[in-house]
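Reading the structure
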Amino acid sequence: MKKARATLDRVLSKAGIASRTMTRDWIAQGRVKVNGRIIRNPDHWVENSKDVVHLDGLRVREEKKIYVALNKPAGVLTSFGDTKNRPTVYDYLEELDRWVFPVGRLDIDTSGLLILTNDTDFGEALLRPESKVPKTYYAKVSGVVSPDEYFRLAGGLDIGSGESSGPAAVREVRSSERYTWLELTITEGKNRQVRRMCEAIGHPVLKLVRICIGDLELGALPIGKFRRLDASDLQRLVARHAART
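The paragraphs below set out a description of the structure included in this document.

Reading guide: rules and limits
Residues numbered from 1 in each chain as written. Predicted model: local features only at pLDDT ≥ 70, side-chain atom pairs only at ≥ 80, totals over all residues. Heavy atoms only, no water. Helix = DSSP H or I, 4+ residues; strand = E, 2+ residues; numbered from the N terminus. Buried < 20%, exposed > 50% of the residue type's maximum accessible area, 1.4 Å probe, protein only. Areas by Shrake-Rupley, 256 points an atom, 1.4 Å probe, with all protein chains shown as cover. Lys, Arg positive; Asp, Glu negative; His and termini not counted. Charge placed at Lys NZ, Arg CZ, Asp CG, Glu CD. Pairing = 2+ DSSP bridges. Core = buried A, V, L, I, M, F, W, Y, C linked by side-chain atoms within 4.5 Å. Contact = heavy atoms within 4.5 Å. Salt bridge = Lys/Arg side-chain N within 4 Å of Asp/Glu carboxyl O.

Points about the overall build of the protein chain
Looking only at helices and strands, the protein chain features 6 helices and 17 strands. Principal-axis analysis of the C-alpha atoms gives the protein chain an extent of 70 × 40 × 35 Å. Looking at the 245 residues of the protein chain, the share that counts as buried comes to 46%. Within the structure as shown, the protein chain displays about 13200 Å² of accessible surface, and the carbon and sulfur contribution to it stands at 50%. For the protein chain, the distance from the average site of its 41 positive side-chain charges to the average site of its 32 negative ones is 4 Å.

Structure follows, in structure tokens:
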């Protein structure tokens, strides 16, 4: 059930037309009217049942929900813009006809599966810490990982800055005299967590790819390409989420 009242910035972002930060800028610029009157306060309360909101003269209506999986390339930011003019994920979404936001982030050096949507409720549900949606990464690390180090990764360890990682699922894919390739699944979302976990056991990450979120796999999606998710794709996320909450 929708809330009867919401702040103006929330109404705009929930309509799926822009991020909440962007809508606050639009409101401050005087581009938004409520019942024919310009409102510059993003925290202005709007009654969903009776108030009419316009942006640049067009009535704001909730857009159809869209869900996208992108195979993010390394060297690309998970953000809307960048002061240094570095590429962002939005450079790879120009064919989309509406605004979407990333559900979580991948750091600039990490590639792989990234979900984007205009469904704020869906995104917030997946990002809540208590949802514990598993995320699986394929990592190439320096050196040969010992059995004891695998045990430390799996059991949780100090990753610096006063933080510790929780239990993880880890398996070796292959190894050589100089490198180890492994899969690591976590249910947390600490900043650069997988990299920090591997650094904590003395094996810095050389390459990192997210290959799965919940039961949704990256599969054969080419680097830099996206696809729209259908109901069966969403079920792979929702079912796993529901089973853990």
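Picking up where we left off.
Considering the pairing of strand β13 (residues 169–175)
Judged from the 6 bridges that link them, β13 and strand β14 (residues 179–186) form a sheet pairing that is antiparallel. Within β14, the residue paired with S175 across the bridge is T180. In this antiparallel pair of consecutive strands, β13 and β14, the connection spans 3 residues.

Considerations on the nonpolar core
Of all hydrophobic cores here, the largest spans 48 residues; its most connected members are L184 and M197. Leave out the neighbours within four places in its chain, and M197 touches L153, L157, I159, S165, A168, L184 and I186. The next biggest cluster of nonpolar side chains, apart from the first, holds 16 residues, and it includes L8, I27, V32 and V60.

Focus on helix α5 (residues 193–200)
Counting buried positions along α5 gives 6 out of 8 residues, so the element sits mostly inside the fold. Where α5 is concerned, the buried positions are Q193, V194, R195, R196, M197 and C198. Residues of α5 that are buried sit in contact with β10 (135–142), α4 (147–155), β11 (158–160), β12 (163–164), β14 and β15 (205–213). Following α5 by one or two positions, G202 adopts a phi angle in the positive range, close to 85°.

Section: the pattern of salt bridges
Tallied over the entire structure, the rule returns 16 salt bridges. Taking the shortest distance from any N to any O, the salt bridge between D121 and K14 comes out at 2.5 Å. Of this pair, D121 sits in helix α3 (residues 120–127) while K14 sits in helix α1 (residues 8–14), and the two are 107 residues apart along the sequence. Note on D121: relative accessible area 45%, which makes it partly exposed. The partner of R196 in a salt bridge is E163, and the shortest N-O contact between them spans 2.8 Å.

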